[in-house]
Amino acid sequence: MEPLLVVADAAENLYPARMQMALSLGWHIIFSCFGIAFPVFTVFAEWRGHKRGNPALTELAHTWAKAMGVLFAAGAVSGTLLSFEMGILWPGLMGRFGEVFGFPFVLEGYAFFIEAIFVGIYLFGWNRLSPRAHMLSALPMIISGAAGAFFVVAANAWMNNPTGFRLDADGQVVDAEPWAAMFGPSTWPQTAHMLLAAYMVTGFTVASVYAIGMLRGRRDQRHKFGLLIPLTFAAILTPVQIGVGDWIANVVAEQQPTKLAAMEGLYETTDRAPLSLGGIYYDDELHYSIDVPWGLSLLIHHDINGVVEGLEDTPVDERPPVNVVHLAYNVMVGLGSALLLLALVFAWTWWRRRRIPVSPWFLRAVAVSGVAAIVAMEAGWITTEVGRQPWIVYDILRTEDAVSPAPGLYLGFYAVVVIYVALTALTVFVLRRLAHHHDTPAPQEVDAVPPDDHVEELAVR
Amino acid sequence: MTLAEVLLGVMFVGLIAYGLFGGADFGAGIWDLLAGGTRRGARQRDLIEHSIGPVWEANHVWLIFVLVVLWTAFSGAFAAVVTTLYIPLTLAAFGMIGRGAAFAFRKSITTLPMRRFLGAGFALSSLVTPYFLGAVVGGVASGRVPPGIARGDVITSWVNPTSILGGLMAVLVCAYLAAVFLCGDARREGTEDLADEFRIRALGTAGVTGIVGFGGLFVLRSDAPLLWEGLTGRAVPVIGLSVVAGIAAVFFLGTKRYLPARLASSLAVTTILVGWAVAQYPYILVPDLTIEDAATGRATLQAMLIALAGGAVFLVPALVYLYVLFQRSPAESEPRESASPQPPGAVIT
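A brief structural summary. All residue numbers refer to position in the chain's written sequence, counted from 1. Here chains are named by letter from A upward and ligands by number from 1 upward, in the order in which they appear as written. Since the coordinates come from a predicted model, pLDDT governs what is reported: local features require at least 70, and pairs of side-chain atoms require 80 or more to be given and counted, while whole-chain, interface and lining totals use all residues.

When helices and strands are tallied, chain A shows 14 helices and 8 strands. Both definitions apply: the radius of gyration is a C-alpha atom measure, and the globule rule equals 2.2 Å times residues to the power 0.38. The C-alpha atoms of chain A give 24 Å as radius of gyration, which agrees with the globular expectation for 461 residues (23 Å, within 12%). Dimensions along the principal axes, computed over C-alpha positions, put chain A at roughly 65 × 55 × 35 Å. A total of 461 residues make up chain A; the buried ones form 55% of that total. Residue pairs at least 24 apart in sequence account for 75% of intrachain contacts in chain A once pairs closer than 6 positions are excluded. Secondary structure elements are taken from DSSP: a helix is a run of H or I of four residues or more, a strand is a run of E of two residues or more, and numbering for both begins at the N terminus. Counting other C-beta atoms within 10 Å of each residue's C-beta, where C-beta atoms are placed from the backbone, gives the exposure class: buried for 20 or more, exposed for 12 or fewer, partly exposed between. A pair of residues counts as a contact when their C-beta atoms, built from backbone coordinates, are separated by no more than 7 Å.

Okay, here's the thing in structure tokens:
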């Protein structure tokens, strides 16, 4: 193939490939969150149910287990596409650096394997195992879910802060050290941030389903527990997440100052740097923003005289698209703060009165908290991924040099859009059904209900 | 054996496991497609659903395992294969999504038209996915993937005689395995008449697979001479073993001994895959790139070997537990909470 033609194809492929990856990842990540956190809530409800002899709790746990099965199936198939896409779309990344950062994916392969096995066992064994054995079978699922998230995010952290190898004079990788690569400077803050996000997303989303039910006047025990258990988990972890957010911001400031400058829309390198909310960035300046004086210097250095690096220190062609990053970052922080407020209201009422706040406004807030948590998480991912641009491996490999030059590749994007729209519709349809008929079987269970709508209305909510 | 060969061997074990377990799941979908009308095929579809319900997700992970080992230990070769063959791989991935989602969700849906639609989606994608994967194998085995990123022809690398043969063989082997496995499952569920139906299908597909396999050798002679040379040279003992195992499987099926039939047919399929590997050795990409040249750095290979061995300690018992729990006869694992009894003649698409 003519070299010039290859370049032309790669340029043509770049944008659709990025969009295809963003769509696939952005979709998969939501389902991964449920894979990580939902087993914890479910087995907790099951355990309390057995302990208190309360059938409302065990039935709630069974419904959750089924929903978990549906979400896990959707996550598993979307994850498969991603592992193909890593190579198909980004051969320049995988071919050159696979030996450095591919290793955590091998471990993730194991983690996912064990998770898939025990999801099968947990659902299939619902009434076949003793309660004790059954609850124990959830344990490997919980551990491998968290471990899998750690490994995948560790690989992403490596893309932000590549370590564990050297490049020779020709740019070839030498002395790859996969263990060192897996534990770079961004690994711990990023994985902690993601794991907490997974629990928050799942907690607020599940709670929001029952908040909607309560707003519609269903105030039975099932709804009370359905709201209380996930919301408690989420509310406890939200303040922790804010702390971890501070940690990660400091690591970004140190390791990827350009990303931090884009997050804040900061052009000039300066001390007493302000914290900017909102605004539009053009002509090397952030306009119409609300500034908190000295805020950024305080946040990063805990000192108003701390110097924060601005975008001016980065060559123009190495800067990320500032508006996307700044907006996404603001959305994440804004929604995170709102969720913190919700958590505080909930904690206060529980501490003083030992009950869920009765105000419909509280329930309305919980009802939208699920969507808010998901949007916040996606915004966080846009911040870190777009903030890394134009690099796919920070400061080493440009995204445009990693994309496959294969002719026609861009067509895949349109197919993926169609498939994900269909998959989303199907998942939502099945989950809604599950919410209304809680005898609906999960994918991993064996007994299908015969078709036709003679099944009596067993309202869950 | 070098470190690289050991790792490629481990990857190949994963590939064989995917071929056997994942392949049987695909095959079950193919039989679902051919089970006939909604009412007539209901019992067969029911059996298929029971057989793969709790295990298909786990079976499917073998493929992920193969991919991640390849991209970490043989990064350059991996990039070459997936970029040149991106079209059949993308289509296979779509097939996996379609199959997984349709199978997973159809039982959660009770309206008949919707269930029919999902059932058809499940069955059709079970047919096309192994075809595309077999075509990918054909492209690699016939030397149509040169090293480097997207250096091969993105169309003729998978639309060629060897790829078509590979695709057909993959579909046939999946259908064959599934039929053999379903015989045993049908007996375990106490439906001997269904076992007989699948026994006939297993024997039929065994015959067709054998004929296509041998006919295919002559396709390879002209289209993939290096592979042909290996298959008729170094790999002869392996291919011979495959033939013996295949005949033994037919014998066991004929005498309704389903467990030995399962083992023999698994051996027959395993040896086909091993035969390919032996014939292609020492090349990972025929005829340019050897396993040694494609392997990544020593530290990476060592770390992977440790991880693979360590992971197996967790994985193997878990897998065994899943299959044992699941394969226990239904009499002793009947749900304690009685499931809603199915009305006679229940229609399950």
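All right, on to the overall build of chain B then. Regarding its fold elements, chain B presents 13 helices and 2 strands. The C-alpha radius of gyration computed for chain B amounts to 21 Å, which stays within 12% of the reference 20 Å derived for 349 residues, consistent with globular compactness. Taking the principal axes of the C-alpha coordinates as reference, chain B spans close to 60 × 40 × 35 Å. The contacts of chain B with a sequence gap of at least 6 include a subset with a gap of at least 24, amounting to 79%.

Before going further, it helps to spend a moment on the packing of helix α3 (residues 56-73) of chain B against helix α13 (residues 298-327) of chain B. Residues and elements named next belong to chain B. For the pair α3 and α13, interaxial distance at closest approach is 12 Å and the crossing angle is 175°. Between α3 and α13, the interaxial angle falls into the category roughly antiparallel. Between α3 and α13, the residues in contact are A58, T72 and A73 and T300, L301, M304, L319 and L322, respectively. In this classification, the charged set is Asp, Glu, Lys and Arg, the nonpolar set is Ala, Val, Leu, Ile, Met, Phe, Trp, Tyr, Cys and Pro, and all remaining amino acids, among them Gly, are polar. When the residues that make up the contact of α3 with α13 are grouped by side-chain class, the tally is 6 nonpolar, 2 polar and no charged. Angles here are taken between N-to-C directions and fall from 0 to 180 degrees, while the axes themselves are lines fitted to C-alpha atoms, restricted in helices to the stretch in contact. Geometric relationships in this document are graded by angle, where less than 35 degrees denotes roughly parallel, more than 145 denotes roughly antiparallel, 65 to 115 denotes roughly perpendicular, and other angles denote oblique.

What follows concerns helix α8 (residues 221-255) of chain A. To estimate the expected span of a helix, subtract one from its residue number and multiply by 1.5 Å. With 35 residues, α8(A) should reach 51 Å at 1.5 Å per residue; the first-to-last C-alpha distance of 49 Å fits that figure. The reported bend at a residue is simply the angle between two axes, fitted to the 7 residues ending at it and to the 7 residues beginning with it. At T238(A), α8(A) shows its largest kink, close to 30°, and the proline P239(A) lies no more than four residues downstream.

A few words now on the interface of chain B and chain A. Taken together, the contact between chain B and chain A spans 69 residues of the former and 71 residues of the latter. Mapped by element, the contributors of at least two residues to the side of chain B that touches chain A are α2 (42-52), α3, α4 (75-84), α5 (86-106), α6 (112-141) and α13 of chain B. Sorting elements by how many residues they give to the side of chain B that touches chain A places α13(B) first, with 14 residues.

What follows covers the nonpolar core. Side chains of a nonpolar character, in soluble globular proteins, are inclined to be buried together. The nonpolar core is taken to be a set of buried Ala, Val, Leu, Ile, Met, Phe, Trp, Tyr and Cys residues joined by way of C-beta atoms within 7 Å. Core analysis: the largest hydrophobic core is formed by 283 residues, its most contacted members being A178(B) and L182(B). Among the elements that take part in this core, helix α2 (residues 55-89) of chain A stands out by supplying 19 residues, more than any other. Those residues in contact with L182(B) that lie beyond four places of it in its chain are A28(B), W31(B), L47(B), I48(B), S51(B) and F198(B).

Turning our attention to the environment of Y282(A). Assignment of secondary structure puts Y282(A) in strand β4 (residues 280-282). Each C-alpha atom of the pair Y282(A) and W126(A) lies 58 Å from the other, and the pair is 156 residues apart in sequence.

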